[in-house]
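These are the residues of each chain, in order.
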2 protein chains.
Amino acid sequence: MRAAVMYGAGDIHVEDRPDPKIVKTTDAVVRTLATCVCGSDLWPYQSMPATDTGRPMGHEFLGVVEETGADVTGLKTGDLVVAPFTYSDNTCDYCAKGLHISCRNGGRYGFDGVDGGQGEAVRVPHADGTLVKLPVAADSALLPSLLALSDVMTTGHHGAVTAGVSHGDAVLVIGDGAVGLCAVIAAKRLGAERIVLAGRHEARTGLGREFGATDIVAERGEEGIARIRELTGGVDKVIEAVGTRQALDTALGAALDGGTISRLGVPQYEQGPIGPAAFMRNITLTGGASPARAYIEQLLPDVLDGAITPGRVFDRTFTLGQTPVAYRAMADRQVLKALIRP
Amino acid sequence: MRAAVMYGAGDIHVEDRPDPKIVKTTDAVVRTLATCVCGSDLWPYQSMPATDTGRPMGHEFLGVVEETGADVTGLKTGDLVVAPFTYSDNTCDYCAKGLHISCRNGGRYGFDGVDGGQGEAVRVPHADGTLVKLPVAADSALLPSLLALSDVMTTGHHGAVTAGVSHGDAVLVIGDGAVGLCAVIAAKRLGAERIVLAGRHEARTGLGREFGATDIVAERGEEGIARIRELTGGVDKVIEAVGTRQALDTALGAALDGGTISRLGVPQYEQGPIGPAAFMRNITLTGGASPARAYIEQLLPDVLDGAITPGRVFDRTFTLGQTPVAYRAMADRQVLKALIRP
């Protein structure tokens, strides 16, 4: 099969790889119909040290089950499925709590001999626990929104849930990337009345408005904080979907005392300002890597009936061979989120 | 009147000060019956730069209303009252949310011309909003436990509430100081089934056991984490009642993924480890300075009927003149919490 492999910053190729086969009896092999490039794929694309072995890329995919191991009981050849961005057994104590991201037997695509998602096929460990069957045809127009359940939509939802968004709330979403925009969808879906979206890319903030953002703040840093405070008087709930220290500082500056900041962007810092000032203000810092698997079935009905359309974040479609072009376009911010059709 | 004033690290005196008088129409003057030394008083006692003007000390007190301003309607001369450790109007948006610590018109005792609590009398701003009447006689045996509502008990309760402690939970309390011990009371009161207390001072951990701790961990650092994990397999809820980086690291090491760490000790650090590791683990960091005023009425019935006895943290009583001795005894860890009877 063909799959995307990264050999260092900016160095990604689509090449021939061995066809995935069942290794464990709980595996399934999925032939991908749609995959995509994640904002987090751009970090290695910008900074990965050169390597000879390469790293299979991608962790969001949707496809058709091609083969199942002897112990897979819930899936059969021909099932259309979506994969959350990590695999998990769905039975351990963490999974039982809905924290599939911390699954005792879970792991990441592209590591430990598991294929990446940006390829023609993927061996999925713990297939019964990981994959979610989709009740649509392989040519459904809903495929992009269903693919979004793999990561961005379930991640945005995690932000809204952990920030405690509920009916009538005012919420600040920092970041107009695909996750930030999905956080807008999620906040709206949970009843937020006012959703301030901090972002400066007009096409993206425009989509954010269509998703439910009531106010857009393009200013950054102190100016951005001042503008958010002018608009809202400060907010109780912040979803931080960037991951930089500047974004966290904006969150801290815009939050009211007693406020909750939910982080969705992987922090690009090791240490953060949680000293006496944050303490005296009773700031809660929550969020983290989304347990996507826990949310897929919850959000699926809303995707199926069109109540939410997260697939709109995919603003350009590429072939698998064009994956390197897709990375470049996303890194240059010419594309919000690249859909890849293998 | 006589009151305790600090002039620098280790340099505290009881001296004559002007008798408090009504300054604003919303003030009351309270003649103190009982006050005490807080763990947080020990930070300036150990590190305050020398000053000529001095700083009136203390922020926990209970006493009798001596005089009220023209606009005070809820209190009258002779009322026995307890003061939360900051004053607040009980009407602003923060107070309305129960976050009195962030009151728009609130402040701290010992600053901005307001007396400290370690003295014979205190002018209390926003008296109606701040003081809570106590339905007991001035010679009641409950006075120590009622005084504990001023800070340590309401702070311990804040930790249990913000950690989300509920029926059947396993909770780790880090720190065997008065706040940690009160957090044990609070966790037990909210239904925790297993309460691991991390502390190495046997008299204190012994009291912790009487308050409801089921396990004591005397080890520190990596050894302490290993012991807590051995006992519990990791905990979902941690109350960190120390404030050092080591205590935070213990909390992070002992918490399960998805766990909540509620901080009660004022952080003795500016930056903390909230990078990718904590993010991937979905650790929630919450807590902060307690809105004591919000909790006093909530906890008062349990103190009045003896269901909780936080006053047991006071293990020695001093006269006001002995305040410097009380500080020294607490700093040397010879006394857990010093009660002062002016």
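Residues numbered from 1 in each chain as written. Chains lettered and ligands numbered in written order. Predicted model: local features only at pLDDT ≥ 70, side-chain atom pairs only at ≥ 80, totals over all residues. Heavy atoms only, no water.

1. Here's the deal with helix α5 (residues 152-162) of chain A
Residue and element names in this part refer to chain A.
Reasoning step 1: Among the 11 residues that make up α5, nine are buried, leaving the element largely enclosed by the rest of the structure.
Reasoning step 2: Along α5, the residues that are buried comprise Val152, Met153, Thr154, Thr155, Gly156, His157, His158, Gly159 and Ala160.
Reasoning step 3: Looking one or two places after α5, you find Gly164, whose phi comes out positive at around 75°. (Buried < 20%, exposed > 50% of the residue type's maximum accessible area, 1.4 Å probe, protein only. Helix = DSSP H or I, 4+ residues; strand = E, 2+ residues; numbered from the N terminus.)

2. Quick word on the UniProt feature "domain: Enoyl reductase (ER)" (unreviewed entry) in chain A
Reasoning step 1: Per the UniProt entry, the sites bearing "domain: Enoyl reductase (ER)" (unreviewed entry) are residues 8-340 of chain A in this numbering.
Reasoning step 2: For residues 8-340 of chain A, the end-to-end C-alpha separation is 21 Å, with 30% helix and 24% strand making up the annotated structure. (UniProt positions renumbered as here; feature names shortened; annotations may be inferred.)

3. Notes on the pairing of strand β5 (residues 61-68) of chain A
Residue and element names in this part refer to chain A.
Reasoning step 1: Relative to β5, strand β3 (residues 28-36) runs antiparallel, the two sharing seven bridges. For Ala28, the partnering residue across the bridge sits in β5 and is Thr68.
Reasoning step 2: Sheet topology places β5 next to strand β6 (residues 80-83); four bridges connect them, and they run antiparallel. Note on β6: the bridge partner recorded for Phe61 is Ala83. (Pairing = 2+ DSSP bridges.)

4. A look at the interface of chain B and chain A
Reasoning step 1: In this complex, chain B contributes 36 residues to the contact, which on the side of chain A involves 36 residues.
Reasoning step 2: The contact between chain B and chain A buries some 3100 Å² in all, and 53% of this surface belongs to carbon and sulfur atoms.
Reasoning step 3: Ranking the residues of chain B by area buried against chain A places Ile274, Phe279 and Asn282 of chain B at the top, with a combined share of 24%.
Reasoning step 4: In this structure, the connection of chain B to chain A is made through two salt bridges.
Reasoning step 5: Our count for the chain B to chain A interface comes out at 23 residue pairs in polar contact (both at pLDDT 80 or more).
Reasoning step 6: For the side of chain B that touches chain A, the elements supplying multiple residues, two or more each, are α9 (245-254), β15 (255-263), α10 (276-280) and β16 (284-287) of chain B. (Contact = heavy atoms within 4.5 Å. Buried area = accessible area lost by both parts, 1.4 Å probe. Salt bridge = Lys/Arg side-chain N within 4 Å of Asp/Glu carboxyl O. Polar contact = N/O pair within 3.5 Å; in protein donor to acceptor, adjacent residues only side chain to side chain.)

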